[in-house]
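Descriptive structure summary
The residues making up each chain are set out below.
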Protein chains: 2
Amino acid sequence: MVVLKAASPPVPSVNKINNGTIKPLITPSPSSFINLDQGDPEVFRSYWRKKSEECTVVINGEDLMSYLSDTSNVCWFMLPELREAIQRLHRVVGNASAGMDKHIVVGTGSTQLFQAALFALSPSDSPIPINVVAASPYYSEYKDEVEILRSGLYRWGGDAREYDKNEEYIEVVTAPNNPCGSIRRAVANCEGEGRVIHDLAYYWPQYTPITQQYDHDLMLFTFSKCTGHAGSRIGWAIVKDIEVARKMTRFIHMSSIGVSKESQTRVAKIIGVICDSYQEIGSSLDPDELFFEYSRRKLRERWEKLRAVVDKSNLFSLAKYSKAYCTFTNHTSESYPAFAWMKCKGSIEDCESYLRNLKVLVRGGKRFGVDQKYARVSLLSGDDVFNEFLTRISNATRNRE
Amino acid sequence: MVVLKAASPPVPSVNKINNGTIKPLITPSPSSFINLDQGDPEVFRSYWRKKSEECTVVINGEDLMSYLSDTSNVCWFMLPELREAIQRLHRVVGNASAGMDKHIVVGTGSTQLFQAALFALSPSDSPIPINVVAASPYYSEYKDEVEILRSGLYRWGGDAREYDKNEEYIEVVTAPNNPCGSIRRAVANCEGEGRVIHDLAYYWPQYTPITQQYDHDLMLFTFSKCTGHAGSRIGWAIVKDIEVARKMTRFIHMSSIGVSKESQTRVAKIIGVICDSYQEIGSSLDPDELFFEYSRRKLRERWEKLRAVVDKSNLFSLAKYSKAYCTFTNHTSESYPAFAWMKCKGSIEDCESYLRNLKVLVRGGKRFGVDQKYARVSLLSGDDVFNEFLTRISNATRNRE
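Residues numbered from 1 in each chain as written. Chains lettered and ligands numbered in written order. Predicted model: local features only at pLDDT ≥ 70, side-chain atom pairs only at ≥ 80, totals over all residues. Heavy atoms only, no water.

The name given to chain A in an unreviewed UniProt entry is L-tryptophan--pyruvate aminotransferase 1-like isoform X3, with Arachis duranensis as the source organism. UniProt, in the comment section headed Subunit (unreviewed entry), describes chain A in these words: "Homodimer." Check the Sequence similarities (unreviewed entry) section of the UniProt entry for chain A; it says "Belongs to the alliinase family." (UniProt positions renumbered as here; feature names shortened; annotations may be inferred.)

1. A closer look at the domain arrangement of chain A
Residues and elements named next belong to chain A. Under the domain assignment used here, chain A contains domain 1 (4–46 + 292–400) and domain 2 (80–278). A C-alpha centroid distance of 25 Å is found between domain 1 and domain 2. At the interface, 31 residues of domain 1 touch 32 residues of domain 2. For the pair domain 1 and domain 2, the two sides together bury roughly 2500 Å², of which 61% comes from carbon and sulfur. Interface area lost by domain 1 to domain 2 is led by Phe292, Phe328 and Phe368, which between them contribute 27%. Linking domain 1 to domain 2 there are two salt bridges. If you look at where domain 1 meets domain 2, you find twelve residue pairs in polar contact (both at pLDDT 80 or more). Contributions of two or more residues to the side of domain 1 that touches domain 2 are made by α8 (291–312), β13 (324–326) and β15 (339–344). A total of five residues in the side of domain 1 that touches domain 2 trace back to one element, the largest contributor, which is α8. A class-by-class count of the residues in the side of domain 1 that touches domain 2 yields 18 nonpolar, six polar and seven charged. (Domains from an automatic or database assignment. Contact = heavy atoms within 4.5 Å. Buried area = accessible area lost by both parts, 1.4 Å probe. Salt bridge = Lys/Arg side-chain N within 4 Å of Asp/Glu carboxyl O. Polar contact = N/O pair within 3.5 Å; in protein donor to acceptor, adjacent residues only side chain to side chain. Helix = DSSP H or I, 4+ residues; strand = E, 2+ residues; numbered from the N terminus. Nonpolar A, V, L, I, M, F, W, Y, C, P; charged D, E, K, R; others polar.)

2. Quick look at helix α6 (residues 242–256) of chain A
Note: α-helices contain 3.6 residues per turn, so residues at a spacing of three or four share the same orientation. Residue and element names in this part refer to chain A. Over its 15 residues, α6 runs 21 Å from end to end, which matches the ideal 21 Å to within 8%, given 1.5 Å per residue. In terms of burial, α6 is largely enclosed, as twelve of its 15 residues are buried. For α6, the complete set of buried residues consists of Val244, Ala245, Lys247, Met248, Thr249, Arg250, Phe251, Ile252, His253, Met254, Ser255 and Ser256. In this structure Asp241 caps α6, since a side-chain oxygen of it lies 2.7 Å from the backbone nitrogen of Glu243. (Expected span 1.5 Å × (residues − 1). Buried < 20%, exposed > 50% of the residue type's maximum accessible area, 1.4 Å probe, protein only.)

3. Some details on the pattern of salt bridges
By the definition in use, this model includes 52 salt bridges over all chains. The closest approach of N and O atoms between B:Lys51 and B:Glu289, which form a salt bridge, is 3.2 Å. Linking B:Lys51 in the loop between α1 (45–50) and β4 (57–59) with B:Glu289 in the loop between α7 (261–281) and α8 (291–312), this pair joins segments that are 238 residues apart in sequence. Note that B:Arg392 is salt-bridged to B:Glu388, the shortest N-O span being 2.7 Å. Within this pair, B:Arg392 and its partner B:Glu388 are both found in helix α10 (residues 383–400), separated by four residues, close to a single helical turn. Here B:Arg392 matches B:Glu388 in class, with each residue buried. It is possible to trace a salt-bridge network through shared partners that takes in A:Asp101, A:Lys102, A:Asp215, A:Asp217 and A:Lys240.

4. Structural notes on the packing of helix α3 (residues 109–121) of chain B against helix α4 (residues 140–147) of chain B
Residue and element names in this part refer to chain B. Look at α3 against α4: their axes get within 11 Å of each other, and the N-to-C directions meet at 55 degrees. The orientation of α3 with respect to α4, classified from their angle, is oblique. Once α3 is placed against α4, the crossing between them reads as right-handed. Mapping the contact onto sequence places Thr111, Phe114, Gln115 and Leu118 in α3 and Tyr142, Glu145 and Val146 in α4. Across the contact of α3 with α4, the residue classes break down as four nonpolar, two polar and one charged. (Axes fitted to C-alpha atoms, helices over the stretch in contact; angles between N-to-C directions. Parallel < 35°, antiparallel > 145°, perpendicular 65-115°, else oblique. Left-handed = near helix turned anticlockwise from the far one by under 90°.)

5. Remarks on the pairing of strand β10 (residues 218–222) of chain A
The two faces of a sheet get side chains in turn, since along a regular strand they alternate between them. Residue and element names in this part refer to chain A. Burial analysis of β10 places five of its five residues in the buried class, which makes it a mostly covered element. Alternating residues of β10 divide into Leu218, Leu220 and Thr222 and Met219 and Phe221, and every residue in both groups is buried. Pairing of strand β9 (residues 194–199) with β10, which is carried by two bridges, proceeds in the parallel orientation. Across the sheet, residue Asp199 finds its bridge partner in β10, namely Leu220. (Pairing = 2+ DSSP bridges.)

6. Considerations on the sheet that holds strand β12 (residues 316–318) of chain A
Residues and elements named next belong to chain A. The strand order β12-β15-β18-β17 describes an open sheet built from four strands, whose pairing is antiparallel. Two strands in the sheet have a free side with no partner beyond their single neighbour: β12 and β17 (363–364). In the sheet, β15 pairs with strand β18 (residues 374–378) via five bridges, with the strands oriented antiparallel. Looking at β18, one finds that Ala340 is bridged to Val377.

7. Considerations on the relation of the copies chain B and chain A
For the pair chain B and chain A, the relating rotation is 180 degrees, the translation along its axis is 0.0 Å, and the fit reaches an RMSD of 0.0 Å. When the rotation and shift are considered jointly, the pair of chain copies conforms to a two-fold rotation axis. Most of the interface of chain B is mirrored in chain A, where 100% of its interface residues are also at the interface. (Least-squares fit on C-alpha atoms with pLDDT ≥ 70 in both.)

8. Details of the interface of chain B and chain A
On the chain A side, the residues contacting the 84 residues of chain B number 84 residues. Summed over both partners, the interface of chain B with chain A buries about 7300 Å², with 56% contributed by carbon and sulfur atoms. Linking chain B with chain A are four salt bridges. For the salt bridge of B:Glu262 with A:Arg266, the shortest nitrogen-to-oxygen distance reads 2.7 Å. Here chain B and chain A share 61 residue pairs in polar contact (both at pLDDT 80 or more) between them. When residues of the side of chain B that touches chain A are traced back to their parent elements, those giving at least two are β2 (21–24), α1, β4, α3, α4, α5 (223–227), α6 (242–256) and α7 of chain B. Along the lines of polarity and charge, the residues of the side of chain B that touches chain A split into 34 nonpolar, 31 polar and 19 charged. Of the pairings in the sheet, the one linking strand β4 (residues 57–59) of chain A to β4(B) comprises three bridges and is antiparallel in character. From the neighbouring strand, A:Val57 faces β4(B), where its bridge partner is B:Ile59.

9. Some details on the sheet that holds strand β5 (residues 103–108) of chain B
Remark on secondary structure: sheet strands pair via backbone hydrogen bonds, oriented parallel or antiparallel. All names here are of chain B. Pairing is mixed across the open sheet formed by seven strands, whose spatial order is β5-β11-β10-β9-β8-β6-β7. A strand with exactly one partner marks an edge of an open sheet, and here the two such strands are β5 and β7 (154–159). On average, each strand axis in the sheet is tilted by 25 degrees relative to the strand beside it, whichever way the strands run. As judged from the three bridges shared by strand β6 (residues 130–134) and strand β8 (residues 169–174), these two strands associate in the parallel manner. Note on β8: the bridge partner recorded for Asn131 is Tyr169.

Structure representation (structure tokens):
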């Protein structure tokens, strides 16, 4: 049974609506709700404003008209320049092996690819659906995405740590994890044969040290979290087995006959600008000119401010992340996850409700399969929304003293 | 059970492959396969080449970054300018009622919207899946799209004319019909309650006379067939019931968290260029400057050439379409469908195989739920591919005499 309460449309942080167009919240007033529920990545926008022209794409009337892109490739709707850009980006960052021995499948965000992966990894001839498991706290949307159509191919199997059936299963490993930022590996421990989807949406240098080049069977990435271009809806899978890549492509064919070429061409362009800045000019540039340096600094500053406020507070606690050597930056550093996974202290039992009383919308622990003392707070908003959030929890701390 | 034989990637008409990039077939040699299986809409490209600059969109680095577009709208990921462009286009053409009392939901092509509609129209609390039916010959992909995930919400119920269960059902009505071009209405005749999806992908003036402004509960359109911009993957649904629109939006949220904004902004621009040419300058222009006049002339010429060749042939027959008054052109005219629905004559039992021997790839009748004496042939290819097709059936006619 699909619960539609999560169907409510996202609520932006807005002051007013003009002519049907949302005016983003510039200076939130103390009486307005601020939305830190979704992870809409506003935090990197100022970087892209500086790089505005360098990243410009121009698309003429007759461009990009065909369904087809490259029928010599398994993923026949993927533009060759996007495939090459993705391969280049992974070479530059060193976070995943995406060489010529791998198959890349583009999707309408990694959300579509997650479902394509479920389809591809599910046995087609089994009378019962395969169980899909993830260790809690798990990404809040996996369960709904698995259950929405009541598929006979797969079903939600709950927390991977508690899975003990003697049946085949698919485990989703999110690393770094959404919501809690920890580095994960497969944990399901049972006699059934497991297949693993590695969701690496946040395995980029601004969020976490790059400690190794992953080389898993099926890895998912999304441009939304890599650069903040969520509106483009571009994700990609790196797949070892050509039959899996073929089935994923088949799913996307059936689901949407391919993926927007306008988005594909723009993403290829922006990836090119990022890689050029590292490869052609390198570290002689002002670090703020380099995307991952800029974005890591932004997130580090936010985490430092947030920890200072939380440390003074008698209300919340935050996880600590151990330091690690990053092969991309050649420095040892902490993780600066995209979300704060906050736990209420003392008598506060429901973190989401507590923050809602402060007019801060966040996502409560229950959606992630854990206690409601926890809540996930997006750190990807615009500066003013983030600062208003700090002000509200500081004030709440004072009021409680 | 999903049959994966249809999973083979599309085969373009190609002469050679350079550096991973497909070089479109300009002059097909008699020994090369020509692909008239898919309906890749190359036929209108020369028009858009003429309008190249007028339709240009420029997208800068910081544009279109958010997941959100207009949270005051049910379809919160749809750009307001796209909604307005779609409403304007339907006012100009007069083919469907899309006023302010309707809800518009954008999708990654009408393929995604078809699945969103199945989700929205299926009872969420029924222990058995609802039957999805369509009158044969029906669009070859409906069955696979319904069956691919073995949903517990809906299942394929076969030919609408033969449906006689006393159960709720969803009927898909494709008008004009793909593959056969005929105008359809709902035909299922049983005691169960029916809900109807009207797939109006081809209800545009180049394909058929616009005889009325449709005002059905749920109507699907796709930009791919309207203008030929298939690579953009933009479709839209016009929906009367806000709860249905909300559930469709929920499905697209779960399926892909929205729809490419780059494609949305480009489609809004191109629709604006079409509407401007009709509204600001009107009929004083060279008819070839007006998109629907140009595209109807192209298809009319193809149909005239095809009928001339088929009439001389002892191999095939084609359906006749009755004339009708078109409220858009203010003239009485024939239909010029996007596909020819060809029937083999005499001893030829398998039209697809017969044409494959002529190195012409088409889609056989069985995929559409009917006899293999029929096959669907795309008339949307480039000029040279179309002319080569005529040459091959002319030669086959001569060889058989």
